[in-house]
Amino acid sequence: MKRIISIVLCVTALLGATAQDRFYINDFNIEAGETKQVEIMLDNAISYTALQADIILPEGLSIEQEDGEYIFDLTDRKARNHTISSTTLSNGAIRILIASQTLKVFSGNSGALVTFQLTASSDFQGPKTIVMNNIIASEADMTQHDLPDETCIVSTPGGEQPPTPVQSLELNCKMAKLAPNATLQLAVTTPDAGAITWASEDESVATVDQNGHVTAIKPGMVAINAMAANGATTWCALFVNMRGDTNLDGHVSIVDVTSLIDYLLSGRWPED
């Protein structure tokens, strides 16, 4: 079901993403051994009630904790019953979730929404990059928006100048429909993106090689992921024989419709 949720978010982003809306950290300087307050900014044309984001810290930086829990604080842009929680994912990213049980919206259209204390190790030397991805904002009616990935350059005073980072990745194709055994060539169109790592979230549905060449295997839905060296990510939602003759019996029937509905509910084809 995880890949279905990812693809649904991808489709939502294509239909309703707002390019000017951002959840991000501005570039900043920090001394080795220093602790400083960092702000996560929200620029929003749409009124949101909830936000999710994954924060990937470079080596040498750490967020203040208490009793093993990361400490994040909300600014006065929150409603009274907004809360923020965090968890550590298997890839080391820190996921934060801001929500309101009564679906109240954040106030204003710009400025800091979250603050936290960040400490640099005694041997920290910049520039290093903080990556924020999987940023999803929700309106009060549950409409979701996929906000762009963000990067923040953390420098040490007097150190070398940071490189210009890739803020986000763009693909030549965001959604595609293929028949089994058909192929698709994906490519990152973002200039200076550097080396790209490709991966399929379900290789039983479709595979992808390290040149972005996709091969459809069997009916289903799958996200084909692309990741740059600095952590910027994007994906293509691939639908393999998801319309028409889904069971490949030579004609379209109610059986095909039933197969599609069953797959959307369970994430598995009957023969799986």
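Residues numbered from 1 in each chain as written. Predicted model: local features only at pLDDT ≥ 70, side-chain atom pairs only at ≥ 80, totals over all residues. Heavy atoms only, no water.

### Some details on the pattern of salt bridges
Working step 1: Under the definition given, this model contains 2 salt bridges.
Working step 2: For Glu150, the salt bridge goes to Arg22, with nearest N and O atoms at 2.9 Å. Placement of the pair is Glu150 in strand E14 (residues 150-155) and Arg22 in strand E1 (residues 22-24), with a sequence separation of 128 residues.
Working step 3: With relative accessibility at 30%, the residue Arg22 sits in the partly exposed group.
Working step 4: With its nearest N and O atoms 2.6 Å apart, the salt bridge here joins Arg95 to Asp54. Taken together, the residues span a long stretch of sequence, with Arg95 in strand E10 (residues 94-100) and Asp54 in strand E4 (residues 50-56) at a distance of 41 residues.
Working step 5: Judged by its relative accessible area of 2%, Asp54 is buried. (Salt bridge = Lys/Arg side-chain N within 4 Å of Asp/Glu carboxyl O. Helix = DSSP H or I, 4+ residues; strand = E, 2+ residues; numbered from the N terminus. Buried < 20%, exposed > 50% of the residue type's maximum accessible area, 1.4 Å probe, protein only.)

### Quick look at the environment of Ala232
Working step 1: For Ala232, the location among the structural elements is in the loop between strand E20 (220-228) and strand E21 (233-240).
Working step 2: Between the C-alpha atoms of Ala232 and Leu169, which are 63 residues apart in sequence, the distance is 6.4 Å.

### Focus: a negative patch on the surface
Working step 1: Taken together, Glu64, Glu66, Asp67, Glu69 and Asp73 make up a surface patch of like negative charges.
Working step 2: Inspection of the secondary structure assignment puts Glu66 in strand E6 (residues 65-66). (Patch = residues over 30% accessible without salt bridge, like charges linked within 9 Å, V, L, I, M, F, W, Y side chains within 5 Å. Areas by Shrake-Rupley, 256 points an atom, 1.4 Å probe, with all protein chains shown as cover. Lys, Arg positive; Asp, Glu negative; His and termini not counted. Charge placed at Lys NZ, Arg CZ, Asp CG, Glu CD.)

### A look at the sheet that holds E21
Working step 1: Pairing within the open sheet is mixed, and its 4 strands lie in the order E15-E21-E20-E17. Of all strands in the sheet, those bounded by a partner on one side alone are strand E15 (175-178) and strand E17 (196-200). Strand-to-strand twist of the sheet, defined as the mean angle between neighbouring strand axes without regard to direction, takes the value 20°.
Working step 2: Where E15 lies against E21, 4 bridges are found, and the strand directions are parallel. In the strand pairing of E21, Lys177 is matched with Phe239. (Pairing = 2+ DSSP bridges. Axes fitted to C-alpha atoms, helices over the stretch in contact; angles between N-to-C directions.)

In short, the description is geometric, and any link to function would need to be established separately.
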